[in-house]
Every structure is written in C-alpha cells, then in structure tokens.
Amino acid sequence: MEALELRHGSNRTPLVGEEVLIGRARECHVVLSGARVSRRHARIQFEAGEPRLEDLGSRNGVLLNALRIGAAVRLVPGDRITIGAHEIRVVEARGHRSEPSALRGHVARPAASDDRTTGTGRSLAILEALAEHAMGRGDLAEAQSILAPALDQVLAAARDGHVPDAMDQELAVRAAGRLVAAGDRVRWLRFLLAFHEATEAAPQDAVLDLLGRHREVLAAEAAFTALLRKLESLGLEGAARGRVDRLRALVG
C-alpha cells in the first residue's frame, strides 16, 4: 500500500497511526472551521493497512467524490472528501493514480433524510452503464432508480457550493440526457436546467439541441429563465457567450 496523506489547502496530514480525526476541535489531526463542521466530524481508521473514512454522526454529513457516505469507505489517491465548505484530497508521494472510491462499488447514501439507496456510492459512469442496460430492456423505472439518487446528490452538492469537476459534470449531464431520451422528459430537462444554473456553466451544444427539441415542454418553466439570467449575469465571453445567445433564442 502506498503511503497516503491528506491535502487541505497548503496543509498535508500523513495517514498514519491508529486514526486521523477531522473536525472543528483543536485536538483533531485536521482542524476545519465553519458552522457546518462538527467538533469531531469524521475519522479515518485503518483496516488491514487500508484507510477507511467514517462519518462520526455529524449533522451535515461527509461527501466522498460528491456522494454522501453511509458506512466506512476505503480511500485511495484521487479521492475528494468534502466537509462543510472544505475539500480535502487524498494523495500519495509517488505519482501512481488509482480510481476514486466511488468507482469501486462502496455503498453510499443520498443526502436526503431517508435511507433509500441504489448503489449511489458507485461512479456515475458505472451507474450509467447499468441504466443503459435497463433501458435496453425497456425498463425506464429501473433506469431511473439507478441514476436518480446519484444525480440528485450531485445537484444538491453543486447547489451547496461543491461544484463537481469537469468530468463529473459531463457524466451528470450525459446521464440526465439519457433519461430524457428514455421518456421522462420534464423531470430530467428540469434537472439539466437546474444543474447548469448551480454550476454556472453554459450548456454545451448537445444539451442546447436537446432543450431545443423539447422547447414546448419547457415553455412555462421558470428554471429556463432562471438559468438564462444567471448566465447573463456572469458576463461570459467567446464560445460560452454564443451558447448563452442560443439559450436566449430558445427562451424566446
């Protein structure tokens, strides 16, 4: 097992010893500030030499790669831990890269207070493949049950200021687009509008084409004009500006 450490801003904390505590209390190994951080928020313990992240019953939860964890989850380099407004990265001294934990099938749970789970600890890439298989059987309900919790969690995280990286954004948009094409148009068109507003990103041409094909569905949607207002307030330039102009034409 490679030697791992946590990187938070300019601070580095080696993953060594019996446990690494994260929270607001001064005795924690990683001390974070903010009202959304509990005194003892999370800890990392070691099982057979492998670090596992655990939420210590915090009020606001712990996100791993934009998904809220339930049971303890194994960490590897590249993982992103989000607590309150803070992002902590798991890194290693040597340049070896591993798949983030969300790709390895660990169980996570949606941020909603109920505990319905459908494997949302897996990456959207894997969930998308499973959903596509369900769609191939004509089972839209199953496809939605696979993708919806993860998509809702990514949207909630973005609205909370934890904007996914470019790859995760692309995966989320593509997955929602598949659900639109599968037949549940209104819900997932609304998702696409809300997600782009939360991430402050102008929709790519493929999304604009999709919105254009379903323009009549969105004619009365407040989310359509809300997204346009948000993007126009950002003063985007170049290609992004052109996509905003296309969106305005759709709004009419």
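Residues numbered from 1 in each chain as written. Predicted model: local features only at pLDDT ≥ 70, side-chain atom pairs only at ≥ 80, totals over all residues. Heavy atoms only, no water.

### Notes on the overall build of the protein
We apply this condition: Note on conventions: DSSP H or I runs of at least 4 residues are helices, E runs of at least 2 residues are strands, and numbering of each starts at the N terminus. Burial here depends on accessible area, computed with a 1.4 Å probe over protein chains only, as a share of the maximum for the residue type. Under 20% is buried, over 50% is exposed, and the range in between is partly exposed.
Helix and strand counts for the protein come out as eight helices and 11 strands. Sorting the 252 residues of the protein into buried and exposed places 46% on the buried side.

### Thoughts on the packing of aromatic side chains
How we decide: Centres within 6.5 Å are what make two rings of Phe, Tyr or Trp a pair, Trp counting through its six-membered ring; a difference in plane orientation under 30 degrees is then read as stacked, over 60 as edge-to-face, and the rest as tilted.
Tallied over the full model, the rule gives two aromatic pairs. Pairing Phe 191 with Phe 195 gives two aromatic rings, centres 5.6 Å apart and planes at 10°, and the pair type is stacked. Within this pair, Phe 191 and its partner Phe 195 are both found in helix 4 (residues 185–199), separated by four residues, close to a single helical turn. By way of ring pairs, the aromatic residues Trp 188, Phe 191 and Phe 195 are connected into one cluster.

### Regarding the sheet that holds strand 5 (residues 42–47)
Rules: One requirement defines pairing of two strands: DSSP has to find at least two bridges between them.
Spatial strand order, 4-3-5-6-9: five strands in an open sheet with mixed pairing. The open sheet has two edge strands with one neighbour each: strand 4 (30–31) and strand 9 (73–74).

### Focus on the environment of Arg 12
Formally: Any two residues whose heavy atoms approach within 4.5 Å at even a single point are treated as in contact.
In this fold, Arg 12 is placed in strand 2 (residues 11–14). The contacts of Arg 12, once residues within four sequence positions are left out, are Glu 5, Leu 6, Arg 7 and Val 91.

### Remarks on the sheet that holds strand 7 (residues 63–64)
In sheet architecture, strand pairing relies on hydrogen bonds along the backbone and comes in two forms, parallel and antiparallel. Reading across the sheet, the six strands line up as 2-1-11-10-7-8 and stay open at both edges, with antiparallel pairing between neighbours. Among the strands making up the open sheet, the edge pair consists of strand 2 and strand 8 (67–68). Pairing geometry for strand 7 and strand 10 (residues 80–83), over two bridges, is antiparallel. When the sheet's bridge partners are listed, Leu 63 is paired in strand 10 with Thr 82.

### Focus: the pattern of salt bridges
Note the threshold: The salt bridge definition used is simple: a Lys or Arg side-chain nitrogen within 4 Å of an Asp or Glu carboxyl oxygen.
Applying the stated criterion across every chain yields a total of 17 salt bridges. Between Glu 5 and Arg 12 there is a salt bridge; the shortest N-O distance is 2.1 Å. Via salt bridges that share partners, Glu 232, Arg 241, Asp 245 and Arg 248 belong to a single interconnected network.

### Details of helix 7 (residues 222–233)
For clarity, the cut-off: How far a helix is expected to stretch is found by multiplying one less than its residue total by 1.5 Å.
Over its 12 residues, helix 7 extends 17 Å from the first C-alpha to the last, a length consistent with the 16 Å expected when each residue adds 1.5 Å. Of the residues making up helix 7, those classed as buried are Phe 224, Ala 226, Leu 227, Leu 228 and Leu 231. The secondary structure elements touched by the buried residues of helix 7 are helix 4, helix 6 (215–218) and helix 8 (238–251). The first or second residue beyond helix 7 is Gly 235, which carries a positive phi of 65°.

### With respect to unusual backbone geometry
For Ala 48, which is not glycine, the phi torsion reads 55° and is therefore positive. As for its position among the elements, Ala 48 is in the loop between strand 5 and strand 6 (50–55). One non-glycine residue, Glu 200, lies in positive phi territory at about 55°. Its place among the elements puts Glu 200 in the loop between helix 4 and helix 5 (205–213). The exposure class assigned to Glu 200 is partly exposed, which follows from its relative accessible area of 40%.

### What about the side chain of Thr 82?
Structurally, Thr 82 is set in strand 10. Residue classification places Thr 82 among the buried positions, given a relative accessible area of 7%. Not counting the four nearest positions on each side in its chain, Thr 82 is found in contact with Gly 61, Val 62, Leu 63 and His 162.

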